[in-house]
Amino acid sequence: MTQEFDVEALGVGLRVRVAGLTRRDVRRLRAQWRRVSGRGATAATISVVVGDGVAGADVRGRDFDEVSVALRQVINLRAIDRRREDLLMFHAAGLADPATGDVIALIGASGAGKTTVASSLGTALGYVSDETVAVDAVGRVHAFPKPLAVKQRHGLNKRIAGPDTLGLLEAHTPLRLTRLALLDRRDEKVAPTITTVGLEEALVPVIEQTSYFASLPSALQRLDALVEASGGVHVIRYHDAADLVEPVSELLRRRGAHLPFPGIVERSGSVADADTIPPGSYGRAGVDDWIELDGDMLVLLGGQISRLSPLGSVLWAALQALQAPQPLEALVAAAEAAFGPAPAGSARVVVEALLDELVAAGLVVAGPLPRA
């Protein structure tokens, strides 16, 4: 007999269709997902089969525990895939101040202790998620209080427990992200410490723990705005999750920059191809996004982030500000205006060589060579 229930994961309606479980076990499975129970239209169906079943099921397992673990992963993956082009989604535990709705995203790779932190702190702070903190373009957090995969005291297996079973507080909307943090869990016993770094230092570890970063429009701008609203990225060094209740609560209570975010600018390409550029001139290529970081430009193109040198940043800014292809002489003049006069002829050689590198990287488009 097939039984069904609906969930709403990050705003995505999903129907779970179960075969091979008793009514009692389906009620248990549904209870795990109570906090994200479905309320509207469904976008897709997830088939769950216990036992031998049929080929092609989305989730299969030998018993209740196996399918509950697998179902948790499949729902999470389906949700983040559907929202890949509109939500910035961190691989993080999310907790909220019950009084203000301010949310901290505790970012970390597998093994950093996100689930343990969420279950330990979620009895004092609102439980937002143990794995995916999703933020829209103006900083609102979409709660995803899904079941948690809890390690057993003996053995390596995990069992799924709903947040109600664990006594975790509900996070009441509206929610907004006001703190970004990186978890640094140590094997040795240490007292919790919190240090704050800028986006430059935290960029790589944060992006590595962000789902589909390159698929998101204005991804760099949105991340930059979140870091600004957070007052930097807070690196939390700890050993025991239970020791973090007060430090994390205090961090959430700190007065800091709050939303609304700075305006997000649509990044569109200024040139279509080399045929539109006059001979001996250069234009900015179409890229996905860019920001200025400590005077240098960070450019996102095809999933790759390039940090331009100071001279490269000046040339890029000149092409962007003028919104039209520029002859080499104009770009040499921009370089000398920024860095001062160079010995005769050397500025042209250096600028032309760097432009060749930017062309090779796909960040600048060159017109045809001038005819002799």
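Remember, it's a predicted structure, so these values are computed and weren't measured experimentally. (Residues numbered from 1 in each chain as written. Predicted model: local features only at pLDDT ≥ 70, side-chain atom pairs only at ≥ 80, totals over all residues. Heavy atoms only, no water.)

Chemist: Explain the pattern of salt bridges to me, and be specific about the residues and the numbers.
Modeler: All told, the structure shown has 27 salt bridges when counted by the stated rule. Arginine 176 is the salt-bridge partner of aspartate 102, the closest N and O atoms lying 2.9 Å from each other. Taken as a pair, aspartate 102 in strand E6 (residues 102-107) and arginine 176 in strand E13 (residues 176-185) lie far apart in primary sequence, 74 residues in all. On the basis of relative accessibility, which here comes to 4%, the residue aspartate 102 falls in the buried class. (Salt bridge = Lys/Arg side-chain N within 4 Å of Asp/Glu carboxyl O. Helix = DSSP H or I, 4+ residues; strand = E, 2+ residues; numbered from the N terminus. Buried < 20%, exposed > 50% of the residue type's maximum accessible area, 1.4 Å probe, protein only.)

Chemist: So, the sheet that holds strand E20 (residues 304-307): which residues are in play, and what are the values?
Modeler: On the basis of which strands lie adjacent, the open sheet formed by three strands has the order E18-E19-E20 and antiparallel pairing. Edge positions in the open sheet fall to strand E18 (289-293) and E20, since each of these has one partner strand only. When the angles between neighbouring strand axes are averaged without regard to direction, this sheet yields 20 degrees. The pairing of E18 with strand E19 (residues 296-301) spans five bridges and is classified as antiparallel. Across the sheet, residue glutamate 292 finds its bridge partner in E19, namely methionine 297. Where helix H4 (residues 199-208) meets the sheet, its contacts fall on E18, E19 and E20, and the angle it forms with E18 comes to roughly 145 degrees. (Pairing = 2+ DSSP bridges. Axes fitted to C-alpha atoms, helices over the stretch in contact; angles between N-to-C directions. Contact = heavy atoms within 4.5 Å.)

Chemist: Residues and numbers for the sheet that holds strand E21 (residues 326-327), please.
Modeler: The three strands are arranged E21-E17-E22 in an open sheet whose pairing can be described as antiparallel. Because the sheet does not close on itself, it has two edges, and the strands there are E21 and strand E22 (364-366).

Chemist: Give me the lowdown on the pairing of strand E7 (residues 126-129), citing residues and values where you can.
Modeler: Here strand E5 (residues 88-96) pairs with E7 via three bridges, running antiparallel. Across the sheet, the residue bridging to glycine 94 is serine 129, located in E7. Here E7 pairs with strand E12 (residues 169-170) via two bridges, running parallel. Counted as the bridge partner of glycine 126 is leucine 169 from E12.

Chemist: Can you lay out the packing of helix H7 (residues 310-322) against helix H9 (residues 346-360) for me, pointing to particular residues and giving the numbers?
Modeler: Where H7 meets H9, the axes come as close as 10 Å, and the angle between the chain directions of the two elements is 80 degrees. Classed by the angle they form, the pair H7 and H9 counts as roughly perpendicular. For the pair formed by H7 and H9, the contact residues are Leu311, Gly312 and Leu315 on the first element and Val350, Val351, Leu354 and Leu355 on the second. A per-class count over the contact of H7 with H9 returns six nonpolar, one polar and no charged. (Parallel < 35°, antiparallel > 145°, perpendicular 65-115°, else oblique. Nonpolar A, V, L, I, M, F, W, Y, C, P; charged D, E, K, R; others polar.)

Chemist: Outline unusual backbone geometry, supporting the account with residue identities and numerical values.
Modeler: It is generally the case that most residues other than glycine have a negative phi and that most peptide bonds are trans. Along the chain, threonine 173 connects to proline 174 via a cis peptide bond; the corresponding omega equals 0 degrees. For tyrosine 212, which is not glycine, the phi dihedral falls at a positive 55 degrees. Mapped onto the elements, tyrosine 212 comes out in the loop between strand E15 (210-211) and helix H5 (219-230). Relative accessible area serves as the criterion here: at 31%, tyrosine 212 is assigned to the partly exposed category.

Chemist: With reference to specific residues and values, describe the layout of surface pockets.
Modeler: Taken as a whole, the largest pocket encloses approximately 700 Å³ of empty space. In this structure, the largest pocket is lined by 27 residues; those nearest its centre are Lys114, Thr115, Ala149, Lys151 and Lys158. Secondary-structure elements contributing two or more residues to the lining of the largest pocket are helix H2 (64-82), helix H3 (114-121), strand E10 (148-151) and strand E11 (158-161). Looking at the lining of the largest pocket residue by residue, the class counts come to nine nonpolar, ten polar and eight charged. Considering only enclosed or pocket space, the second largest pocket measures out at about 390 Å³ in volume. What lines the second largest pocket is a set of 16 residues, among which Arg35, Val36, Arg39, Ala143 and Pro145 lie closest to the centre. (1 Å grid on protein atoms, 1.4 Å probe; cavity = no way out; pocket = protein on both sides within 12 Å on 5 of 7 lines; lining within 4 Å. Points joined across faces, edges and corners; volume = space filled by probe spheres on them.)

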